[in-house]
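Below are the chains, spelled out letter by letter.
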Amino acid sequence: ALKIVCYIGIAVISYFLLYPVVLSFNKLFKIAPTAIEISGVGYLYSAFSRVIIPAICEELLFRGIIYKGLENKSKQLAIWVSAIMFSIFHMSKEQMLYPLLMGLLFGVIMARENNIIYCIIVHITNNALALTGIGFYFNHWTYYLIATVALALFLSIFIAISIKNT
């Protein structure tokens, strides 16, 4: 449980260190959140479609399949290839550096822990912080509430699973 708390802390620190990069790209390319994100129905939709589901699916693909497939050749190669593919997957000029850096972080966590749950938890934390940032940008406190509740719920489940498996 202490490892999970440490990795959540790393996710929060990483997010706030890298968030200015995201903001500068968003301003440079005039990227705005979509209409669905700021609608009444969009809050719950965004919590699942931008926080939980992508974190699980992307980690299963990039760390579960790609990293694990290359790990036997070299952990460094596995970290870099999975991070580069993660960055390319996000496929937009405003999101290249940030996913690369986060992909490197996820790869290092995977190499260190050999447990994808930690990567998923850090990814969910990052996505929840991003969703919260959108909410504060539009002065919608509901984003903050939904993201926090979703994060707490899923982290509790992951913590319970990891404690049970140790």
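Now for a description of the structure that goes with this document. (Residues numbered from 1 in each chain as written. Predicted model: local features only at pLDDT ≥ 70, side-chain atom pairs only at ≥ 80, totals over all residues. Heavy atoms only, no water.)

### Focus: helix α4 (residues 97-113)
Within an α-helix, residues lying three or four positions from one another point in the same direction, as the helix has 3.6 residues per turn.
Part 1: Over its 17 residues, α4 runs 24 Å from end to end, which matches the ideal 24 Å to within 8%, given 1.5 Å per residue.
Part 2: Residues Tyr98, Pro99, Met102, Gly103, Leu104, Leu105, Phe106, Gly107, Ile109, Met110, Ala111 and Glu113 constitute the buried set of α4.
Part 3: One or two steps after α4, the chain reaches Asn114, where phi turns positive at roughly 50°. (Helix = DSSP H or I, 4+ residues; strand = E, 2+ residues; numbered from the N terminus. Expected span 1.5 Å × (residues − 1). Buried < 20%, exposed > 50% of the residue type's maximum accessible area, 1.4 Å probe, protein only.)

### Here's the deal with unusual backbone geometry
The phi angle of most residues is negative, glycine excepted, and most peptide bonds adopt the trans form.
Part 1: Unusually for a residue other than glycine, Asn114 sits at a positive phi of about 50°.
Part 2: Among the secondary structure elements, Asn114 is positioned in the loop between α4 and α5 (116-137).
Part 3: You can call Asn114 partly exposed: its relative accessible area is 47%.

### A short note on the packing of aromatic side chains
Part 1: If you walk through the whole model with that rule in mind, you get 3 aromatic pairs.
Part 2: Centroid distance Phe62 to Phe86: 5.4 Å. Interplanar angle 80°. Geometry classified as edge-to-face. Here the residue Phe62 occupies a position in helix α2 (residues 42-70), and Phe86 occupies one in helix α3 (residues 75-89), the gap between them amounting to 24 residues.
Part 3: Residue Phe62 is classed as buried on the basis of its relative accessible area of 2%.
Part 4: Plain terms: the ring middles of Phe62 and Phe89 are 5.3 Å apart, the flat faces sit at 65° to each other, and that makes the pair edge-to-face. On the criterion of sequence distance, the pair formed by Phe62 in helix α2 and Phe89 in helix α3 is long-range, its members being 27 residues apart.
Part 5: According to the relative accessible area criterion, Phe89 is partly exposed, its value standing at 46%.
Part 6: Linked through ring pairs, Phe62, Phe86, Phe89 and Phe106 together constitute an aromatic cluster.
Part 7: The ring of Phe86 carries Arg63 above its face, with NZ or CZ at 5.0 Å from the centroid. (Phe/Tyr/Trp six-rings, centres within 6.5 Å; stacked < 30°, edge-to-face > 60°. Lys NZ or Arg CZ within 6 Å of the ring centre and 35° of its normal.)

### Observations regarding the pattern of salt bridges
Part 1: Under the definition given, this model contains 3 salt bridges.
Part 2: Note that Arg63 and Glu59 form a salt bridge whose closest N and O atoms lie 2.8 Å from each other. With Arg63 and Glu59 both in helix α2 and 4 residues apart, this pair spans about one turn of that helix.
Part 3: Classification of Arg63 by relative accessible area gives buried; the value is 0%.
Part 4: On the basis of relative accessible area, Glu59 is assigned to the buried category, the value being 0%.
Part 5: Between Arg112 and Glu113 there is a salt bridge, with its nearest N and O atoms 3.4 Å apart.
Part 6: By relative accessible area, which is 65% here, Arg112 ends up exposed. (Salt bridge = Lys/Arg side-chain N within 4 Å of Asp/Glu carboxyl O.)

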